[in-house]
Amino acid sequence: MSIIGKIKKLLNRSSSDSYNNQIEDNVAVRVEHVSMEFKISKDKIDTLKEYVIRTIKRNKKEKEKIRILNDISFDVQKGDKLGILGFNGAGKSTLLKILAGIYEPTHGKITINGKVAPLLELSAGFDKNYTGKNNIYLNGAFLSMDKDFLDEKFDEIVEFSELGDFINYPVKNYSSGMRAKLGFSIATLIEPDILIVDEILSVGDIKFRKKSSEKINELMSEGVTVLLVSHSINQIRKICNKCIWIENGQIVMEGPSDEVCDAYVTNAEGDTKKKRRRK
Amino acid sequence: MFDTISEKKFLLKELVKKNLTSKYKDSVLGILWSFFNPLLTMLVFTAIFSMLFGHNIQNYPVYYLAGRLAFDFYNHGTKGAMNSIRKNAGLLKKIYVPKRMFAVSSICYEFVNFLISFAILFGVMIITGAPFHVTLIFTIIPIVFLVVLVFGVGLILAVCNTYFTDIGYLYNVFTLVLLYASAMFYPIEIVPAQVQILFTLNPVYCAMSCFRQCVYGTIPDISMLLYLGTFALTTLGIGLLLFHIYDKRLVLEL
C-alpha cells in the first residue's frame, strides 16, 4: 500500500510539469517560489553494497541538504533586459541552469513563454574526433535545431567562425580559440524570444571579440528578453533595464538596474572596507 | 526546446552516427568490424563445438550465429543504454538535452549493428547451403519483442545505474549467466528436462529460440512468443514509468 502511495506521489510530482504555458502574454518568464536543494554528503554512498549494509546497520548519515536558492519569485516582462547580480556562490548560475531546463527546481514553478536560447556552455557538445563540419550538425542537434535549418545556415556559420579550410579537420586539432569561435557561431544562430547569458561571451582574438559582441548586441536588440549574469557592473548598466540582486539564494533587491547596481556596489565596497578595518 | 519531432529525429540520428563513428574511430577496418566480429567468433565456436554437438545440431554455424545475433543485440543494447546517462554526464550537466534520447540512441545504434550482422547470417546460410524457408518472414515477431524488451530493460538499468554505479558491474556478471542460460552455443537437449523449464522462463532464451525456429523453417512456439511479448511489454512499462519519475532528477545524481 505504502509503495503504491509513494509511486502516486512521485508521479504527481513529475507530472505537475514545471513548464506550462498559462501566463499572461506580456510575461516572458515567471519564477514562482523556486527553491533548489542539492543533497551533499561527505561520504557519498554510491555503491549498492554500502547502501544495503548501511540501511541494515541504520548508520546511514542523513544527507546534508544545501539550499542554493531559497524561495525566489520574479517576473520578467517581454522585452525586458534583466541583469542578475550577486557575489560568487550566490546561486546565479544555478538559477540560469534551472531556467535553461538543466535542473528541475526542488520546489516552486517556472513558466516560460517563448523559445529559449541558453548561451551557457558553447562547446560542450563537441565531439573531438569529428570534423568541424560534422560538429556543426551534432552541436546544432543538441541545441534543438533541425537539419534543414542547419543546411541553410551552414555557410553562414563557417563564414562567421572564420575557420576557412579548417572546418574539414577534426576538432581535436583546433586551438581553444578556434573551438570557442565555432561554438559561438553555432549557438548564436537561433532566433530566440528569450536569451539566457552567463557572462557576456566574447571569445577568440581581438577581431573576433568585436564581431562576437556585436552579434550578441544584435541578438539582444530586437525586442528579445534577456537574462544576463555578469560581474561587470558596467555591462549590466549598459544592457539591462532591470536588475535583481541575489545573495545566499534569496533576492535582496529588485528594481531598475541603476538603483540596484548602485546599492550592490556600495555594499561590496562596504564589505571590503569592513574587512580592512578588522585587519 | 525539442518540441517538434523533426528536431528529435535529427538529434537521434546524430547521436546514432556519433556512436557509430566513435566506436571504431582508430581502427583501419572501421565499421567492417561489425561483420568480422561475429564471423570470427563463429569460426572459433564452430571449430570447437561442432565436434561436441555436431551430431545434435544441424548446421552448427547457422545455429550459433542466429543465437549470437539475438544475444549480442540484447547484451550490447541493454549495456549501452545502461551506461548512456553516466557516459554523457559532462554534457547533461551543461546543456539541456532530453535524457532518454541518449538511452534510446544507444539502443538504436545496436539495432543498426544487429541489422548489419544479418548479412553475415545470410552469407553463412548461403555458403553452408542452408535452405531459406518462408518462415524467415516471421523472424520479425521475435525481433520486435526483443527490441521492446531491450528498451524496457535498458531504460530501467539506465536509471538504476545512474543512482548506483555497481549495478553496472553486477549486470555484467548477470549477462554472463544469461548467456549460459540461453543455450546460445549448445543444444537445449543436453540440459536435463527439469532445468529446461527454467530456461523457458528466460525471455532472452525465448526470443532466441523463436528466432531460430523461424530460421530453421518451423513456425515459432506461440506460447513462448506470448510469454516473451507480455514480459517485454511489462518491462517496457516499468522502464518508461521509472524514467518518467526520475527523468529530471537524474542530473542531480551525476
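Residues numbered from 1 in each chain as written. Chains lettered and ligands numbered in written order. Predicted model: local features only at pLDDT ≥ 70, side-chain atom pairs only at ≥ 80, totals over all residues. Heavy atoms only, no water.

### Observations concerning the side chain of Thr162 of chain B
All names here are of chain B.
Stage number 1. Position of Thr162 among the secondary structure elements: in helix H6 (residues 140-163).
Stage number 2. Only 2.5 Å separates the side chain of Thr162 from the backbone oxygen of Ala158, close enough to count as a polar contact.
Stage number 3. If sequence neighbours within four positions are ignored, Thr162 has contacts with Ile85, Arg86, Leu250, Glu253 and Leu254. (Helix = DSSP H or I, 4+ residues; strand = E, 2+ residues; numbered from the N terminus. Polar contact = N/O pair within 3.5 Å; in protein donor to acceptor, adjacent residues only side chain to side chain. Contact = heavy atoms within 4.5 Å.)

### Some remarks on the packing of helix H4 (residues 132-142) of chain A against helix H1 (residues 5-23) of chain B
Stage number 1. Taken N-terminus to C-terminus, the directions of H4 of chain A and H1 of chain B make an angle of 135°; their axes are 9 Å apart at the nearest point. By the angle between their directions, the pair H4 of chain A and H1 of chain B is classed as oblique. For the pair H4 of chain A and H1 of chain B, the crossing hand works out as left-handed. Facing H4 of chain A, whose interface residues are Asn134, Tyr137, Leu138, Ala141 and Phe142 of chain A, H1 of chain B presents Phe10, Leu11, Glu14, Leu15 and Lys18 of chain B.
Stage number 2. Across the contact of H4 of chain A with H1 of chain B, the residue classes tally to seven nonpolar, one polar and two charged. (Axes fitted to C-alpha atoms, helices over the stretch in contact; angles between N-to-C directions. Parallel < 35°, antiparallel > 145°, perpendicular 65-115°, else oblique. Left-handed = near helix turned anticlockwise from the far one by under 90°. Nonpolar A, V, L, I, M, F, W, Y, C, P; charged D, E, K, R; others polar.)

### Points about the pairing of strand S5 (residues 116-119) of chain A
Residues and elements named next belong to chain A.
Stage number 1. Residues Val116 and Pro118 point to one face of S5 and Ala117 and Leu119 to the other, with burial holding for every one of them.
Stage number 2. In terms of strand pairing, S5 meets strand S6 (residues 194-198) through four bridges, oriented parallel. When the sheet's bridge partners are listed, Leu119 is paired in S6 with Val197. (Buried < 20%, exposed > 50% of the residue type's maximum accessible area, 1.4 Å probe, protein only. Pairing = 2+ DSSP bridges.)

### A look at a nonpolar patch on the surface
All names here are of chain B.
Stage number 1. A grouping of Val28, Leu29, Ile31, Leu32, Trp33, Phe36, Leu40 and Leu43 is seen on the molecular surface, where their side chains present a nonpolar patch of about 710 Å² in accessible area.
Stage number 2. Note on placement: Val28 falls in the loop between H1 and helix H2 (33-53).
Stage number 3. In this structure Val28 comes out as exposed when scored by relative accessible area, which is 84%. (Patch = residues over 30% accessible without salt bridge, like charges linked within 9 Å, V, L, I, M, F, W, Y side chains within 5 Å. Areas by Shrake-Rupley, 256 points an atom, 1.4 Å probe, with all protein chains shown as cover. Salt bridge = Lys/Arg side-chain N within 4 Å of Asp/Glu carboxyl O.)

### Re the nonpolar core
Nonpolar side chains tend to gather and get buried jointly when the protein is soluble and globular.
Stage number 1. Counting 123 residues, the largest nonpolar core has Leu85, Ile136, Phe142, Leu182 and Leu195 of chain A together with Tyr74 of chain B as the members making the most contacts within it.
Stage number 2. Ranked by residues supplied to this core, first place goes to helix H3 (residues 60-87) of chain B with 14 residues.
Stage number 3. Looking at this core, you find at least three residues from each of domain 1 (18-115 + 239-278) and domain 2 (119-229) of chain A.
Stage number 4. Once residues within four sequence positions are removed from consideration, Tyr74 of chain B is found in contact with Leu146, Leu149, Val150, Val153, Tyr171, Leu178 and Val204 of chain B.
Stage number 5. Counting 31 residues, the second-largest nonpolar core is a separate cluster that includes Val76, Ile112, Val116 and Ile196 of chain A. (Core = buried A, V, L, I, M, F, W, Y, C linked by side-chain atoms within 4.5 Å. Domains from an automatic or database assignment.)

### Digging into the domain arrangement of chain A
All names here are of chain A.
Stage number 1. Partitioning chain A into domains gives domain 1 (18-115 + 239-278) and domain 2 (119-229).
Stage number 2. Taking only C-alpha atoms into account, the centre of domain 1 sits 27 Å from that of domain 2.
Stage number 3. Contacts between domain 1 and domain 2 engage 24 residues on the former and 19 residues on the latter.
Stage number 4. The tally of links between domain 1 and domain 2 comes to zero salt bridges.

### Quick look at the interface of chain A and chain B
Stage number 1. Contact residues are listed per partner, giving 41 residues for chain A and 35 residues for chain B.
Stage number 2. When chain A packs against chain B, the two sides together hide about 3400 Å² of surface, and 63% of this comes from carbon and sulfur.
Stage number 3. Inspection of the chain A/chain B interface yields zero salt bridges.
Stage number 4. Along the contact surface separating chain A from chain B lie five residue pairs in polar contact (both at pLDDT 80 or more).
Stage number 5. Residues that form the side of chain A that touches chain B fall into these classes: 20 nonpolar, nine polar and twelve charged. (Buried area = accessible area lost by both parts, 1.4 Å probe.)

### Points about the pattern of salt bridges
Residues and elements named next belong to chain A.
Stage number 1. In this structure the tally under the stated criterion is 15 salt bridges over all chains.
Stage number 2. With a shortest N-O distance of 2.9 Å, Asp75 and Arg30 are connected by a salt bridge. Residue Asp75 is found in strand S2 (residues 64-77), and its partner Arg30 is found in strand S1 (residues 27-40); the two are separated by 45 residues along the sequence.
Stage number 3. Between Lys147 and Asp151 there is a salt bridge whose closest N-O contact spans 3.3 Å. In this pair, Lys147 and Asp151 are both assigned in helix H5 (residues 147-161), four residues apart and thus about one turn of the helix distant.
Stage number 4. On the basis of relative accessibility, which here comes to 34%, the residue Lys147 falls in the partly exposed class.
Stage number 5. Asp151 sits in the partly exposed class, given a relative accessible area of 37%.
Stage number 6. Here the residues in one salt-bridge network are Glu162, Lys181, Asp205 and Lys211, joined through shared partners.

### Looking at the sheet that holds strand S4 (residues 107-112) of chain A
Residues and elements named next belong to chain A.
Stage number 1. Spatial strand order, S2-S1-S4: three strands in an open sheet with antiparallel pairing. Strands at the two margins of the open sheet, each flanked by one partner only, are S2 and S4. Ignoring which end each strand starts from, the neighbouring axes of this sheet average 20° apart.
Stage number 2. Along the sheet, helix H3 (residues 92-99) contacts S1, S2 and S4; its crossing angle with S1, the most-contacted strand, is approximately 115°.

### A word on the sheet that holds S5 of chain A
Adjacent strands of a sheet pair through backbone hydrogen bonds, lying either parallel or antiparallel.
All names here are of chain A.
Stage number 1. With mixed pairing, the six strands of this open sheet are ordered in space as S5-S6-S7-S3-S8-S9. At either end of the open sheet lies a strand with only one pairing partner, and these are S5 and strand S9 (250-256). Averaged over all pairs of adjacent strands, the angle between strand axes in this sheet comes to 15°, irrespective of strand direction.
Stage number 2. Strand direction decides the pairing type here: strand S3 (residues 81-85) and strand S7 (residues 225-229), joined by four bridges, are parallel. Bridged to Ile84 within S7 is Val229.

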